[in-house]
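# Inside the fold
Below, each chain spelled out in residue letters.
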Amino acid sequence: MDSVLLYGEAEGYIQSLEKMSLRDIGSPKWFRQHEFIEKLNMQAILNATGNQEEFVKDLFVSLGKIPTLIHAMILTEVWKHKVFPIICKLQDFNPKSTFQLYMVIHHEATTINLLETIMYHKESSEAADDSVLDLVDYCHRKLTLLAGRSVSGEIPTEDRITHTELLDTGSVQDLQRQSDMLEFEISIKALSVLCYITDHIESLSLSVLSRMLCTHNMPCVLVQLVENCPWNRGTLEKYTEGMWRPVLPEDQLKLNKHDGQVWMALLNLILKPDCQRKYNFNSFNKAQLLKLCGFLTDVVIDQLPNLLDLKQFLSQLAVTDPVAPKHDLILEQVPEIWNNIVMENSNKWKAIAKFQVTHVFNPSESELREQASRLSQTYNLDVMENLIPDKPKCGACGRMGAKRCSRCQGEWYCNRECQVKHWPKHKHACKLMAEAIQRL
């Protein structure tokens with residue numbers, strides 16, 4: 001299948017995107033916008049992987065909607081931090097399905113995935129305007145969380161949930177576990193976005209540069225990621241394309257995409273002239289950066305030859321003390337999205353949680369059927385199969401799937417025994433999806 005959306009459809013979807021309030025999350029209006037973003041995300045991936053005209057990116061740039069996308073992502077992040085924990089603790093909250101809650105949690109992952117695709121281009125960073133500052137802050141929060149969890153051994157060991165398993169998620173506790181697994185993938189995506197921002201640092205404002213180098217000290221954060229490699233599980237497995245995959249013996253020294261992104265971001269933040277003038281190579285920062293020397297082996301440099309320049313700079317840094325940057329009095333912009341959302345809803349978190357539990361996250365059977373119908377349209381099975389690089393897995397045992405569930409067409413199994421074993425868990429989701437497909 002060549003396309004999810006026509007140009008006119010994509011333009012209409014992007015034009016209709018608007019900034020929402022925290023109270024709107026989970027509402028019909030919010031779900032409609034979520035579906036638009038999901039479809040735009042799938043189309044953007046198809047454009048990027050199929051060497052097609054990247055009209056989704058071009059439309060976001062020309063219509064000035066990248067700041068709206070960043071706002072939607074940070075709004076969901078605030079909701080997950082402030083409202084979702086309260087919902088999980090409510091004793092009388094026992095929904096028939098946690099599907100709606102999961103879709104809200106998944107919204108952040110969808111949005112960062114779309115941003116990862118379109119922020120690769122210089123014009124996207126420029127079109128993001130002042131919201132690039134908010135995006136830099138967002139990436140910093142995610143990467144410090146990723147580094148901290150790696151040091152404490154809290155990296156999830158399971159693969160994230162798939163869309164065909166959405167309606168099988170049965171309890172709020174399961175949802176919390178899935179949220180933690182998604183948080184890891186979101187942090188990995190934030191690394192990609194940060195790498196692209198550093199690629200285009202010359203075209204961005206001085207405030208963005210100062211935010212990365214002075215306020216957040218991003219080079220030292222990236223050094224922590226090089227040291228701990230949260231996407232590697234020893235030499236046995238690496239996290240790639242949303243899954244933990246075994247590493248063949250001959251590939252154990254091979255850098256993956258995430259290794260390369262960390263190194264490229266470091267290369268940009270340390271060697272670009274504007275960054276060297278702005279960054280303070282004090283004794284602490286110098287000691288942290290010199291840790292990289294132990295990782296810049298011949299094998300690594302053979303795979304990323306540009307790192308030879310970084311190695312030479314670090315060798316020089318070890319025996320010299322660079323001049324401290326001038327502390328000129330300047331006016332700098334500050335990020336506003338997170339702070340504005342928090343200030344607007346301060347002391348209202350519990351009230352918002354109770355409102356959403358009563359009016360949003362406790363749907364009737366007919367509302368669930370309607371949502372399942374929309375889901376089946378959004379996640380077109382043929383399109384999804386084109387986007388997924390791997391063979392489908394059995395919903396019961398995880399081995400390669402051979403046959404689909406004939407009723408809902410959404411779950412795969414390796415044999416009849418696994419299908420029978422998984423039926424009690426899959427039954428409810430199967431019924432809703434089958435009814436939606438029949439109606440369509």
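Our structure is the block above this text.
This text gives an overview of the structure that appears in the document. As the structure is a computational prediction, the values presented were derived from the model and not from experiment. (Residues numbered from 1 in each chain as written. Predicted model: local features only at pLDDT ≥ 70, side-chain atom pairs only at ≥ 80, totals over all residues. Heavy atoms only, no water.)

## Some words on the overall build of the chain
If you tally the helices and strands in the chain, you get 21 helices and five strands. In the chain, buried positions account for 52% of the 440 residues. (Helix = DSSP H or I, 4+ residues; strand = E, 2+ residues; numbered from the N terminus. Buried < 20%, exposed > 50% of the residue type's maximum accessible area, 1.4 Å probe, protein only.)

## Topic: the packing of aromatic side chains
Taken as a whole and assessed by the stated rule, the structure comprises eleven aromatic pairs. With a centroid separation of 5.2 Å and 90 degrees between ring planes, the pair formed by W30 and F31 is classed as edge-to-face. Note on accessibility: W30 and F31 belong to one class, buried. With a centroid separation of 5.3 Å and 90 degrees between ring planes, the pair formed by Y120 and Y196 is classed as edge-to-face. Taken as a pair, Y120 in the loop between helix 6 (99-118) and helix 7 (122-127) and Y196 in helix 9 (residues 172-199) lie far apart in primary sequence, 76 residues in all. Look at Y196 and you get buried, because its relative accessible area is 12%. (Phe/Tyr/Trp six-rings, centres within 6.5 Å; stacked < 30°, edge-to-face > 60°.)

## Observations regarding the nonpolar core
Considering soluble globular proteins, one finds that nonpolar side chains tend to be buried as a cluster. In this structure, L22, F60, W79, L222 and W263 are the most contacted members of the largest nonpolar core, which totals 112 residues. Setting aside anything within four residues of it in sequence, one finds W263 in contact with V226, L292, F295, L296, V300, L304, L307 and L310. Counting seven residues, the second-largest nonpolar core is a separate cluster that includes C394, C405, Y413 and C418. (Core = buried A, V, L, I, M, F, W, Y, C linked by side-chain atoms within 4.5 Å. Contact = heavy atoms within 4.5 Å.)

## Focus on the packing of helix 4 (residues 66-82) against helix 6
Close contact between helix 4 and helix 6 brings their axes to 9 Å; oriented N to C, the two are set at 145 degrees. In this structure, helix 4 meets helix 6 at a crossing whose hand is left-handed. Across from I66, L69, I70, A72, M73, T76, E77, W79 and K80 in helix 4, the residues of helix 6 making contact are L101, V104, I105, H107, E108, T111, I112, L114, L115 and I118. Considering only residue class, the contact of helix 4 with helix 6 consists of 13 nonpolar, three polar and three charged. (Axes fitted to C-alpha atoms, helices over the stretch in contact; angles between N-to-C directions. Left-handed = near helix turned anticlockwise from the far one by under 90°. Nonpolar A, V, L, I, M, F, W, Y, C, P; charged D, E, K, R; others polar.)

## Remarks on empty space enclosed by the protein
Applying the stated criterion across every chain, the model contains three cavities of 30 Å³ or more. Looking at the second largest cavity, the residues that line it are E18, K19, M20, W30, Q33, H34, H71, A72, L75 and H107. Of all elements in the fold, only helix 2 (28-49) and helix 4 reach the threshold of two or more residues within the lining of the second largest cavity. Taken together, the residues of the lining of the second largest cavity break down into four nonpolar, four polar and two charged. (1 Å grid on protein atoms, 1.4 Å probe; cavity = no way out; pocket = protein on both sides within 12 Å on 5 of 7 lines; lining within 4 Å. Points joined across faces, edges and corners; volume = space filled by probe spheres on them.)

## Some thoughts on the pattern of salt bridges
Tallied over the full model, the rule gives 17 salt bridges. K257 is paired through a salt bridge with E116; the nearest N and O atoms lie 3.2 Å apart. On the criterion of sequence distance, the pair formed by K257 in helix 12 (residues 257-271) and E116 in helix 6 is long-range, its members being 141 residues apart. Its relative accessible area of 45% is what places K257 among the partly exposed residues. (Salt bridge = Lys/Arg side-chain N within 4 Å of Asp/Glu carboxyl O.)

## Structural notes on the sheet that holds strand 2 (residues 237-240)
The strand order 1-2-3 describes an open sheet built from three strands, whose pairing is antiparallel. Each edge of the open sheet is held by one strand with a lone partner, namely strand 1 (232-233) and strand 3 (243-246). Where strand 1 and strand 2 come together, two bridges link them in antiparallel fashion. Paired with N232 across the bridge in strand 2 is K238. (Pairing = 2+ DSSP bridges.)

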